[in-house]
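Listed here are the chains, written in short residue letters.
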Protein chains: 2
Amino acid sequence: MHDTRTIAVMEDIHGENDRLAEQVNHTLTHKRVFVVNEMGAPGIGKTTALIHLIDRITRFSPCVIEGDIESDLDTQTLTGLGVPARQVNTFGACHLDAPLVADAVLGFDFGAVRGGRDGVILFIENVGNLVCPAEFSIGEHIKMLVCSVTEGSDKPYKYPLAFEKADLVLLNKVDLAPYLDFDEAFFMKGLRALNPGAPVIRCSSKTGEGFGEAASVLESMAATAFLDGGLAGDPA
Amino acid sequence: MHDTRTIAVMEDIHGENDRLAEQVNHTLTHKRVFVVNEMGAPGIGKTTALIHLIDRITRFSPCVIEGDIESDLDTQTLTGLGVPARQVNTFGACHLDAPLVADAVLGFDFGAVRGGRDGVILFIENVGNLVCPAEFSIGEHIKMLVCSVTEGSDKPYKYPLAFEKADLVLLNKVDLAPYLDFDEAFFMKGLRALNPGAPVIRCSSKTGEGFGEAASVLESMAATAFLDGGLAGDPA
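To start, this report covers the structure provided alongside it. (Residues numbered from 1 in each chain as written. Chains lettered and ligands numbered in written order. Predicted model: local features only at pLDDT ≥ 70, side-chain atom pairs only at ≥ 80, totals over all residues. Heavy atoms only, no water.)

**Section: the overall build of chain A**
Part 1: When its secondary structure is counted, chain A shows nine helices and seven strands.
Part 2: Relative to its length of 236 residues, chain A is compact, with a C-alpha radius of gyration of 18 Å against a globular reference of 18 Å.
Part 3: Principal axes of the C-alpha set define a box for chain A whose edges measure 55 × 50 × 35 Å.
Part 4: Per-residue burial over chain A gives 54% buried out of 236 residues.
Part 5: Put simply, of all contacts in chain A between residues at least 6 apart along the chain, 75% involve residues at least 24 apart.
Part 6: Total accessible area on chain A is roughly 9,500 Å²; 53% of this is exposed by carbon and sulfur atoms.
Part 7: Averaging the locations of the 19 positively and 33 negatively charged side chains of chain A gives two centres separated by 3 Å. (Helix = DSSP H or I, 4+ residues; strand = E, 2+ residues; numbered from the N terminus. Rg over C-alpha atoms; globule rule 2.2 N^0.38 Å. Buried < 20%, exposed > 50% of the residue type's maximum accessible area, 1.4 Å probe, protein only. Contact = heavy atoms within 4.5 Å. Areas by Shrake-Rupley, 256 points an atom, 1.4 Å probe, with all protein chains shown as cover. Lys, Arg positive; Asp, Glu negative; His and termini not counted. Charge placed at Lys NZ, Arg CZ, Asp CG, Glu CD.)

Pasting the structure below:
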């Protein structure tokens, strides 16, 4: 009886979340804003990856919403670099959800960040956590998972949902690989069992390796999303 | 109204959890079993740290309960090394709680792992997550937080609860420090603002540095806990 009630409550939370996420996605698609839900463990290099990607994105105008439990350190870093960025704090919650980000997303002044001829790419950096962020849609078009050779090669086996749901995987910190015993074949075997298709790009926030390719993939995904949505014309 | 009900449900969950955790702690203290709740982000080196610690603990007999969402890779590793270990899977949940571990803890055959003259140290490796594990007591005497120079120096500012609640902090992977720009002074400033007293030990799972000191600290903490509990006599 107790279990049944718990499940009903959880289903309701997910149902409400997903309805709001769909509304956010619909509204932003019509504004030619492509939303990337960036996920990954704490300290895996999510913010630094964004800085590299934003530096290499040419056809779209990038902007960021930063999700953190507390602090606005990453937003300060990004705005200091001239990147339009807003902070969302969860104050204890271990993941973003649609109600938390909807106001920030829908209130974002995308007019001020336009410039790229094909629209906007909005990165939403989720709370550092390899578990719950994968369960909650926040209105994104794709989920981008940042992982790292420093984490060890067994992560797809231990945290399967994040790897299963990823549309794009950045394998970061490859510059440290010579000092580690990361088993890339074992990592890829676990990842491919869950996710046969997502591009996996080896990156280094230190050297910049891989981020040019990742930026191209993101721009292609964004262009395709707008084509699929019947929005191939001029930015609204 | 909705918020009020949500808070009531959460309070009840925490209340039930804490009552059960207290029972587990009471029972194990009487058996001279000192329980260490090991927390840290995914891939931070929690299992490897346990292997190093267990190798250096002399006065107590070590054993392990492994918490993972899925898989039993770490339990296989530990039992392969002759360490008594049991697996608890959360199947989706991002942290252990007292109901999840109570059966495993209370059913553990501590008779089979005895040997150290002063009792048993039971390590419970939590799910890799720097957020929720800090919120749920699982019957532990202390929380041991494993963090790493690869995570970056801003983690105490972004994930304050785990750092605030830690009784012992292992700063792992210091062998990689020469290849990183980890700002240890900034890290320590953030940590000490939250937690003035917990010992912080620099460790390397690669070289073994620091784990001898960490093992000594754990043995002292265990001995003190049994003294405080009026259990300074022979193991029960």
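So, next bit.
**A word on the pattern of salt bridges**
Proximity of charged atoms lets side chains of opposite charge pair with each other.
Part 1: A complete count under the given rule lists 16 salt bridges over all chains for this structure.
Part 2: Measuring nitrogen to oxygen at the nearest pair gives 2.5 Å for the salt bridge that ties K143(B) to E140(B). Comparing K143(B) with E140(B) shows no difference in burial state: the two are buried.
Part 3: Each of D74(A), D154(B), K155(B) and K158(B) takes part in a single network of salt bridges with overlapping partners. (Salt bridge = Lys/Arg side-chain N within 4 Å of Asp/Glu carboxyl O.)

**What to know about the side chain of N37(B)**
Residues and elements named next belong to chain B.
Part 1: Inspection of the secondary structure assignment puts N37 in strand β1 (residues 33-39).
Part 2: Side chain to side chain, N37 and N126 meet in a polar contact 3.1 Å long.
Part 3: Setting aside residues no more than four positions away along its own chain, N37 makes contact with I124, N126, P133, F136, I138, E140, I142, K143 and M144. (Polar contact = N/O pair within 3.5 Å; in protein donor to acceptor, adjacent residues only side chain to side chain.)

**A word on the interface of chain A and chain B**
Part 1: At the interface, 31 residues of chain A touch 32 residues of chain B.
Part 2: Taken as a group, P42(A), K158(A) and Y179(A) account for 22% of the area that chain A buries against chain B, more than any other trio of residues on that side.
Part 3: Our count for the contact surface shared by chain A and chain B stands at two salt bridges.
Part 4: The partner of D74(B) in a salt bridge is K158(A), with the nearest N and O atoms 2.4 Å apart.
Part 5: For the pair chain A and chain B, the number of links is eight residue pairs in polar contact (both at pLDDT 80 or more).
Part 6: If you list the elements that add at least two residues to the side of chain A that touches chain B, you get α3 (73-80) and α6 (155-158) of chain A.
Part 7: If you tally residues by element for the side of chain A that touches chain B, the top one is α6(A), at three residues.
Part 8: Across the side of chain A that touches chain B, the residue classes tally to 15 nonpolar, six polar and 10 charged. (Buried area = accessible area lost by both parts, 1.4 Å probe. Nonpolar A, V, L, I, M, F, W, Y, C, P; charged D, E, K, R; others polar.)

**Observations concerning the packing of helix α2 (residues 46-56) of chain A against helix α9 (residues 211-228) of chain A**
All names here are of chain A.
Part 1: For the pair α2 and α9, the least separation of the axes is 9 Å and the interaxial angle reads 70°. Taken together, the axes of α2 and α9 are roughly perpendicular relative to one another. As α2 runs across α9, the sense of the crossing is right-handed. Here α2 contributes A49, H52, L53 and R56 to the contact with α9, which in turn contributes F211, G212, A214, A215 and L218. (Axes fitted to C-alpha atoms, helices over the stretch in contact; angles between N-to-C directions. Parallel < 35°, antiparallel > 145°, perpendicular 65-115°, else oblique. Left-handed = near helix turned anticlockwise from the far one by under 90°.)

**A few points about unusual backbone geometry**
Part 1: The backbone of F91(A) shows a phi angle near 45°, a positive value even though the residue is not glycine.
Part 2: With respect to the helices and strands, the residue F91(A) is situated in the loop between β3 (85-89) and α4 (98-106).
Part 3: We note that S71(B) has phi near 75°; this positive angle belongs to a residue other than glycine.
Part 4: On the secondary structure map, S71(B) appears in the loop between β2 (61-68) and α3 (73-80).
Part 5: Judged by its relative accessible area of 22%, S71(B) falls in the partly exposed class.

**Considering the sheet that holds strand β2 (residues 61-68) of chain A**
Residues and elements named next belong to chain A.
Part 1: Spatially, seven strands are ordered β3-β2-β4-β1-β5-β6-β7 in an open sheet, and the strand pairing comes out parallel. The open sheet has two edge strands with one neighbour each: β3 and β7 (200-202). Here the average twist between neighbouring strands, direction ignored, is 20°.
Part 2: Looking at chain direction, strand β6 (residues 168-172) and β7 are connected through three bridges and run parallel. Looking across to β7, one finds that L171 is bridged to R202.
Part 3: Where helix α8 (residues 184-194) meets the sheet, its contacts fall on β5 (142-148), β6 and β7, and the angle it forms with β7 comes to roughly 155°. (Pairing = 2+ DSSP bridges.)

**What about the pairing of β1(B)?**
In summary, the side chains of a regular strand alternate between the two faces of the sheet.
All names here are of chain B.
Part 1: Taken across its seven residues, β1 has seven buried, putting it largely inside the fold.
Part 2: In the sheet, β1 pairs with strand β4 (residues 120-125) via six bridges, with the strands oriented parallel. Bridge assignment links F34 to a residue of β4, and that residue is I121.
Part 3: Here four bridges tie β1 to strand β5 (residues 142-148), and the two strands are oriented parallel to one another. Counted as the bridge partner of M39 is L145 from β5.

**Some thoughts on the state of the cysteines**
Part 1: Tallying each qualifying case throughout the model produces zero disulfides over all chains.
Part 2: The cysteine C94(A) is free of any disulfide, with C132(B) supplying the nearest cysteine sulfur at 3.4 Å.
Part 3: When its relative accessible area of 5% is taken as the criterion, C94(A) is described as buried.
Part 4: Unpaired in this structure, C203(B) has its nearest cysteine sulfur neighbour in C147(B), at a distance of 9.4 Å.
Part 5: Under the relative-accessibility criterion, C203(B) is labelled buried at 0%. (Disulfide = S-S within 2.5 Å.)

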